[in-house]
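The primary structure of each chain is shown beneath.
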Amino acid sequence: MAFSRCSCWRSNSMPRGRNHCEARVLACCCGIAACSLCCKCCPKIKQSTSTRFMYALYFMLVTIICCVMMSTTVANEMKTHIPFYKQMCKSIQAGEMCEKLVGYSAVYKVCFGMACFFFLFFLFTIKINSSKSCRAYIHNGFWLIKLILLAAMCSGAFFIPDQDTFLNAWRYVGATGGFLFIAIQLILLVEFTHKWNKNWTAGAKHKQMWNGLLALVTLMLYSIAVAALVLMALFYTHSEGCMYNKVLIGVHGGLCLFVSLVAISPCVQNRQPHSGLLQSGVISCYVMYLTFSALSSKPPETILDENNRNITICVPEFSQDLHRDENLVTGLGTTILFGCILYSCLTSTTRASSEALRGIYGTPESEVARCCFCCMPEGDGNHIFTTQFTSLTAFRPKLRD
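Note that the structure is a prediction, hence the values are computed from the model and not measured.

About the thresholds
Residues numbered from 1 in each chain as written. Predicted model: local features only at pLDDT ≥ 70, side-chain atom pairs only at ≥ 80, totals over all residues. Heavy atoms only, no water. Helix = DSSP H or I, 4+ residues; strand = E, 2+ residues; numbered from the N terminus. Buried < 20%, exposed > 50% of the residue type's maximum accessible area, 1.4 Å probe, protein only. Contact = heavy atoms within 4.5 Å. Areas by Shrake-Rupley, 256 points an atom, 1.4 Å probe, with all protein chains shown as cover. Disulfide = S-S within 2.5 Å. Pairing = 2+ DSSP bridges. Polar contact = N/O pair within 3.5 Å; in protein donor to acceptor, adjacent residues only side chain to side chain. Core = buried A, V, L, I, M, F, W, Y, C linked by side-chain atoms within 4.5 Å. Phe/Tyr/Trp six-rings, centres within 6.5 Å; stacked < 30°, edge-to-face > 60°. Lys NZ or Arg CZ within 6 Å of the ring centre and 35° of its normal. Expected span 1.5 Å × (residues − 1). Arc of directions from axis to C-beta.

### Comments concerning the overall build of the chain
No. 1: In terms of helices and strands, the chain carries 15 helices and 4 strands.
No. 2: For the chain, the proportion of its 401 residues judged to be buried stands at 41%.
No. 3: Put simply, of all contacts in the chain between residues at least 6 apart along the chain, 77% involve residues at least 24 apart.
No. 4: Total accessible area on the chain is roughly 21900 Å²; 67% of this is exposed by carbon and sulfur atoms.

This is the structure we're talking about:
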């Protein structure tokens, strides 16, 4: 069922126009109505899609706040331009210069509150089979109350006693959640590329242009992966050291080659006709990103040169003391994260993922190839997955100290 304007409530007794829209906004924020847009020119939106977008919006909002907390530039600007900044920090017991509200420890606490919020709704939405159930109404509405609850949980994390023990324990929870998060990202990427390959292959039966586009994109993906591998070998290795980096780059490069060969092997092609180099190309690029993230996180090594002077190796010379590689990793990671969240909002992820990974596809003849294949109309789908996926991403705070 499609929902337009502001909510799913339709009543003849409601006033028209602006008052009608305001009433629906109120119903969306404080009632069981689904949220949508108060704009005639905006497209209609399903209840499941609006719910996914609202949860994703909450996640992105908290992520942006964490980025602000991590930014030393923002902290310095606040100290400079906010009057009575020192007095304000003391009044809210955040330290002399609000040091408790910035840095990694503050991000850990905010992520803990966000993780508790999404994990609560993860448990709350288990075994919901109908959008007419009581729990489904709560899941699809009451957004203002949920926002207040999220803010309360994130703020409450700052009042946990024995902060040192909490932060040390939360690092291990974050590492476990990060592992699960990477696994889910891989599932989403595989499902995304399966859908992409199936859609463009179906179009190639009617127009050879889609075959050319498929080959071009695949070539670009492998070019990016090979270029990344070569650059990491140039900048993160040295002839007299960096053995860990050399092993990591070599093993990951070999695994990407192995995955590519497996994707086009006859046994895989017989079982998965839609498998091909596009999927392995996307995964290879993702593996190169993870490799780059690991190399940039590793401390540099020092050796003695010909003049018995210490020189730093295993890091690019242009990035020493500038953290350029760390900023690039953060930017790429945030982009991939938001991309996965957005993709899970636009598609019926649970159903599509399970069917794609099990090799169940619709008939290619009934599919129309298009560039924006993610936004093709599907069934209403299971929108519970976004809450459960986002609950795992919230367990992945930045692990560098």
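What follows continues from the structure just given.
### Re the state of the cysteines
No. 1: All chains considered together, the criterion is met by 1 disulfide.
No. 2: With a sulfur-sulfur separation of 1.9 Å, Cys242 is cross-linked through a disulfide to Cys314. Residues Cys242 and Cys314 share a disulfide whose torsion about the S-S bond is about -110°; that sign makes it left-handed. Of this pair, Cys242 sits in the loop between helix 9 (209-235) and helix 10 (243-263) while Cys314 is found in the loop between strand 4 (310-313) and helix 13 (324-346), placing the two residues 72 residues apart along the sequence. Here Cys242 and Cys314 have matching classes, each one buried.
No. 3: Distance from the sulfur of Cys116, which forms no disulfide, to the nearest cysteine sulfur (Cys154) is 8.9 Å.
No. 4: You can call Cys116 partly exposed: its relative accessible area is 31%.

### Topic: the pairing of strand 4
No. 1: Relative to strand 4, strand 3 (residues 301-304) runs antiparallel, the two sharing 4 bridges. Paired with Glu301 across the two strands is Ile313, which belongs to strand 4.
No. 2: Linking two consecutive strands that pair antiparallel, namely strand 3 and strand 4, is a turn of 5 residues; a positive phi of about 60° is found at Asn308 within it.

### What to know about the environment of Ser280
No. 1: With respect to the helices and strands, Ser280 occurs in helix 12 (residues 277-297).
No. 2: Given a relative accessible area of 3%, Ser280 falls into the buried group.
No. 3: In this structure, the C-alpha to C-alpha distance between Ser280 and Ile264, residues 16 residues apart in sequence, is 9.4 Å.
No. 4: Those residues in contact with Ser280 that lie beyond four places of it in its chain are Tyr222, Val259, Ser260 and Ala263.
No. 5: For Ser280, the side chain forms a polar contact with the main-chain oxygen of Leu277, separated by 3.1 Å.

### Examining the nonpolar core
Side chains of nonpolar character tend, in soluble globular proteins, to be buried together.
No. 1: One finds Tyr58, Met114, Phe117, Phe118 and Leu150 to be the most contacted residues of the largest nonpolar core, which totals 28 residues.
No. 2: Going through the elements one at a time, helix 2 (47-70), helix 5 (104-124), helix 7 (143-156), helix 8 (163-204) and helix 13 are the ones with two or more residues in this core.
No. 3: Examining the composition of this core, we find that 10 residues originate from one element, helix 5, more than from any other.

### Re the environment of Met69
No. 1: Considering the arrangement of structural elements, one finds Met69 in helix 2.
No. 2: For the pair Met69 and Tyr104, spaced 35 residues apart in sequence, the C-alpha to C-alpha distance is 8.1 Å.
No. 3: In this structure, Met69 is in contact with Leu101, Val102, Gly103, Ala106, Val107, Val110 and Phe158, ignoring residues within four places of it in sequence.

### Re the packing of aromatic side chains
No. 1: Scanning the entire structure with this criterion turns up 18 aromatic pairs.
No. 2: Between Phe112 and Trp170 the ring centres are 5.1 Å apart and the planes differ by 90°, which places this aromatic pair in the edge-to-face class. Here Trp170 lies in helix 8 and Phe112 lies in helix 5, a separation of 58 residues in the sequence.
No. 3: What makes Trp170 buried here is its relative accessible area of 6%.
No. 4: Connected via pairs of aromatic rings, a cluster forms that spans Tyr55, Tyr58, Phe59, Phe117, Phe118, Phe121, Phe124 and Trp143.
No. 5: Lying over the aromatic face of Trp143, Lys146 brings its terminal NZ or CZ to 4.0 Å of the ring centre.

### Remarks on the side chain of Ser275
No. 1: With respect to the helices and strands, the residue Ser275 is situated in the loop between helix 11 (266-271) and helix 12.
No. 2: Among the residues examined, Ser275 registers a relative accessible area of 14% and is labelled buried.
No. 3: A polar side-chain atom of Ser275 sits 3.3 Å from the main-chain carbonyl oxygen of Ala263.

### Considering helix 10
No. 1: A rise of 1.5 Å per residue sets the reference length of helix 10, with its 21 residues, at 30 Å; its end C-alpha atoms lie 30 Å apart and thus fit the reference within 8%.
No. 2: Here helix 10 has its buried residues at Asn245, Leu248, Ile249, His252, Gly253, Cys256, Ser260 and Ala263. Axial view of helix 10: buried residues confined to an arc of 120°, hence all on one face. The exposed residues of helix 10 that point more than 90 degrees off its buried face are Met243, Leu257, Phe258 and Leu261.
No. 3: Of the surrounding secondary structure, the elements contacted by the buried residues of helix 10 are helix 9, helix 11 and helix 12.

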